[in-house]
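Residue-level structure breakdown
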Amino acid sequence: MENTEKPKKGTHSRKEFLQRTVLAGAGLSMAGSGQLFASPEAEQNSALFFETNIKSKGYAATDESGKLSPWEFERRPVGEDDILIDVKFASICHSDIHQMKGHWGQQQYPQVPGHEIVGVVAAVGKNVTKFKVGDRAGVGCMVDSCMECDSCKHGDEQHCERGETLFTYGYPDEDSPTGITQGGYSDKIVVRDHFAVHIPEHISFEEGAPLLCAGITTYSPLMKEDFNIGEKVGVAGIGGLGHMAVKLAVSKGAEVYAFTTSPDKVEDIKSWGVKEVIVVNDDMSNLGAYSKTLDYMICTIPYQFNAAPYEACVKPYGNFTYVGMPDGFSINLSNIALASTRVNFNASLIGGMPETQEVVHYCADYGIRPEIQVIDAKEINKAWENVVDKKARYRYVIDAATF
């Protein structure tokens, strides 16, 4: 009889996940063929994918106002190492808003945001063995890199040592008809096969999309911390990233302390299995009660804030990881506060492609699901306002059929 018992919290190891991911990938590679199209008719109708630019449509920013509108544009033809994905859903990340509004520097417009993208493979280049037509696939925060330096060869493509990491939208791209990469708020995307992941059948497209940024961005540092069952882990900022950090840390057996400035989120957060929810007051004075309490803290706050009271909650020589990306990419830190608390302050940037595939399998296998709200494209601008106003619960996911 097949054993259907679910693993107990904290008993599953990273090694097991990696083994399963490698085996699954190997099986898919063996099962996958050089099939380019689902049928001879589809092959005839779709041959132009490899010869001419591909017409696409989506929602784009045209200036720093942060207002998006419908836009028709073209993507490059499918190359030998590329796949074409018919996008089904794309979710909204606070990073989309920061970049479109120019918070991280001057932008080129029109620009299509979106780096949490899921859909179905519609065509594959002749060198592609990782995917076949009809596969469920996802694209996250990057779409190419040099693939030759040590970081790229060892699964840290986001840290390409040649500086050739090509992020999913707004980055100069000589192969793009628009001159820059264009993201996932659209009906199609062409991407190098290495930078796409498989989406298992036992997680919905809608729930899989947020894993490609919010999931990997929090999963990567949590796994590297390798805390023990029962250790105290703090999560500061309970939005799109923070709520995933809570769920992932709980799944690993941590006692989770969630720090939020939104009292109306308390009951939601409690339902995810946390030890305690702390509603941070305006002057942050109530954080003093948690001084030197935590073994580790991950902070997802995406705007300027005073980090010192948060990092003081961590035990001496414990780690504090910041994964938020505020205006200008920087926050103010007090050197004397860091020296006094003896806390190790570090930062983390998404995760590489092997680890991105790993988190998708992990969440699918162990029932870890983001809290989502599915919206039509016409609701994007209102959704962006809600994200800024902390009203999102907790990830908006756009139905690409409405573009």
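All values derive from a computational prediction rather than experimental measurement.

Details of the state of the cysteines
Enumeration over the complete set of coordinates arrives at zero disulfides. Free of any disulfide, Cys149 has its nearest neighbouring cysteine sulfur in Cys152, separated by 3.5 Å. On the accessibility criterion, Cys149 (7% relative accessible area) is buried. The thiol of Cys160 is not disulfide-bonded; the next cysteine sulfur, from Cys146, is found 3.6 Å away. Given the relative accessible area of 9%, Cys160 is considered buried.

Let's talk about the pairing of strand β14 (residues 314-322)
Alignment of strand β13 (residues 294-299) against β14, held across five bridges, turns out to be parallel. What sits directly across from Leu294, in β14, is Val314. Bridge count between β14 and strand β15 (residues 344-347): four bridges; the pairing is parallel. Opposite Asn319, over in β15, you have Asn344 as the bridge partner.

Overview of the packing of helix α6 (residues 214-225) against helix α11 (residues 353-366)
In contact at an axis separation of 10 Å, α6 and α11 are set at 95° when each is read in the N-to-C sense. If you check the angle between α6 and α11, you find them roughly perpendicular. Touching Gly215, Ile216, Tyr219, Ser220, Met223 and Lys224 of α6 are Glu355, Thr356, Glu358, Val359 and Tyr362, all from α11.

Focus: the sheet that holds β14
Spatially, the six strands line up as an open sheet ordered β12-β11-β10-β13-β14-β15, and their pairing is parallel. Of all the strands in the sheet, just β12 (276-279) and β15 have a single pairing partner and so form its edges. Strand-to-strand, the axes of this sheet are offset by a mean angle of 20°, without reference to chain direction. Along the sheet, α6 contacts β10 (232-236), β13 and β14; its crossing angle with β13, the most-contacted strand, is approximately 160°.

Comments concerning the packing of aromatic side chains
This structure, assessed with the given rule, holds 13 aromatic pairs. An angle of 70° between the planes, with centres 6.4 Å apart, marks the rings of Tyr185 and Trp384 as edge-to-face. One end of the pair, Tyr185, is in the loop between β7 (166-167) and β8 (188-192); the other, Trp384, is in helix α12 (residues 380-388), with 199 residues separating them in the sequence. A residue is classified by how much of its surface remains accessible, and Trp384, at 3% relative accessible area, is buried. The residue whose ring lies beneath Arg136 is Phe205, and the NZ or CZ to ring-centre distance is 4.2 Å.

So, the nonpolar core
Counting residues in hydrophobic clusters, the biggest one holds 90 residues, and the most contacted among them are Ile83, Ile92, Tyr185, Leu222, Val246 and Ile380. The leading source of residues in this core is helix α7 (residues 240-251), at seven residues. A domain-level breakdown of this core finds at least three residues from each of domain 1 (47-213 + 352-402) and domain 2 (214-347). Residues in contact with Ile92, not counting those within four places in the same chain, are Glu116, Tyr185, Ile375, Ala383, Trp384, Val387, Arg395, Tyr396 and Ile398.

Considering α7
Between its first and last C-alpha, α7 extends 17 Å over 12 residues, near the 16 Å set by a 1.5 Å rise per residue. Of the surrounding secondary structure, the elements contacted by the buried residues of α7 are α6, β10, β11 (255-260), β13, α11 and β17 (395-399). Within two residues after α7, Gly253 carries a phi angle of roughly 90°, on the positive side.

Observations concerning the pattern of salt bridges
Side-chain pairs of opposite charge can arise whenever the charged atoms involved come near each other. Considering all chains together, one arrives at 18 salt bridges under this definition. In this structure, Lys270 and Glu267 form a salt bridge, with 3.8 Å as the shortest nitrogen-oxygen distance. Residue Lys270 and its partner Glu267 are located together in helix α8 (residues 266-270), separated by three residues, close to a single helical turn. Accessibility expressed as a relative area gives 56% for Glu267, which makes it exposed. Measuring nitrogen to oxygen at the nearest pair gives 3.0 Å for the salt bridge that ties Asp295 to Lys315. Taken together, the residues span a long stretch of sequence, with Asp295 in strand β13 and Lys315 in strand β14 at a distance of 20 residues. Connected through salt bridges with shared partners, the residues Lys67, Lys382 and Glu385 form a single ionic network.

Quick notes on the pairing of β8
The element β8 is extensively covered by neighbouring structure, given that four of its five residues are classed as buried. Across five bridges, the pairing between strand β3 (residues 82-91) and β8 is antiparallel. Bridge pairing in β8 places Ile85 opposite Ile189.

Topic: the packing of α6 against α7
Interaxial distance between α6 and α7 falls to 8 Å at its minimum, and their mutual angle equals 45°. As summarised for this structure, α6 and α7 are arranged oblique, according to the angle between their axes. In this structure, α6 meets α7 at a crossing whose hand is right-handed. Between α6 and α7, the residues in contact are Ala214, Gly215, Thr217, Thr218, Tyr219 and Leu222 and Gly240, Leu241, Met244, Ala245, Leu248 and Ala249, respectively. Of the residues belonging to the contact of α6 with α7, the class tally is eight nonpolar, four polar and no charged.

The rules behind each value
Residues numbered from 1 in each chain as written. Predicted model: local features only at pLDDT ≥ 70, side-chain atom pairs only at ≥ 80, totals over all residues. Heavy atoms only, no water. Disulfide = S-S within 2.5 Å. Buried < 20%, exposed > 50% of the residue type's maximum accessible area, 1.4 Å probe, protein only. Pairing = 2+ DSSP bridges. Helix = DSSP H or I, 4+ residues; strand = E, 2+ residues; numbered from the N terminus. Axes fitted to C-alpha atoms, helices over the stretch in contact; angles between N-to-C directions. Parallel < 35°, antiparallel > 145°, perpendicular 65-115°, else oblique. Contact = heavy atoms within 4.5 Å. Phe/Tyr/Trp six-rings, centres within 6.5 Å; stacked < 30°, edge-to-face > 60°. Lys NZ or Arg CZ within 6 Å of the ring centre and 35° of its normal. Core = buried A, V, L, I, M, F, W, Y, C linked by side-chain atoms within 4.5 Å. Domains from an automatic or database assignment. Expected span 1.5 Å × (residues − 1). Salt bridge = Lys/Arg side-chain N within 4 Å of Asp/Glu carboxyl O. Left-handed = near helix turned anticlockwise from the far one by under 90°. Nonpolar A, V, L, I, M, F, W, Y, C, P; charged D, E, K, R; others polar.

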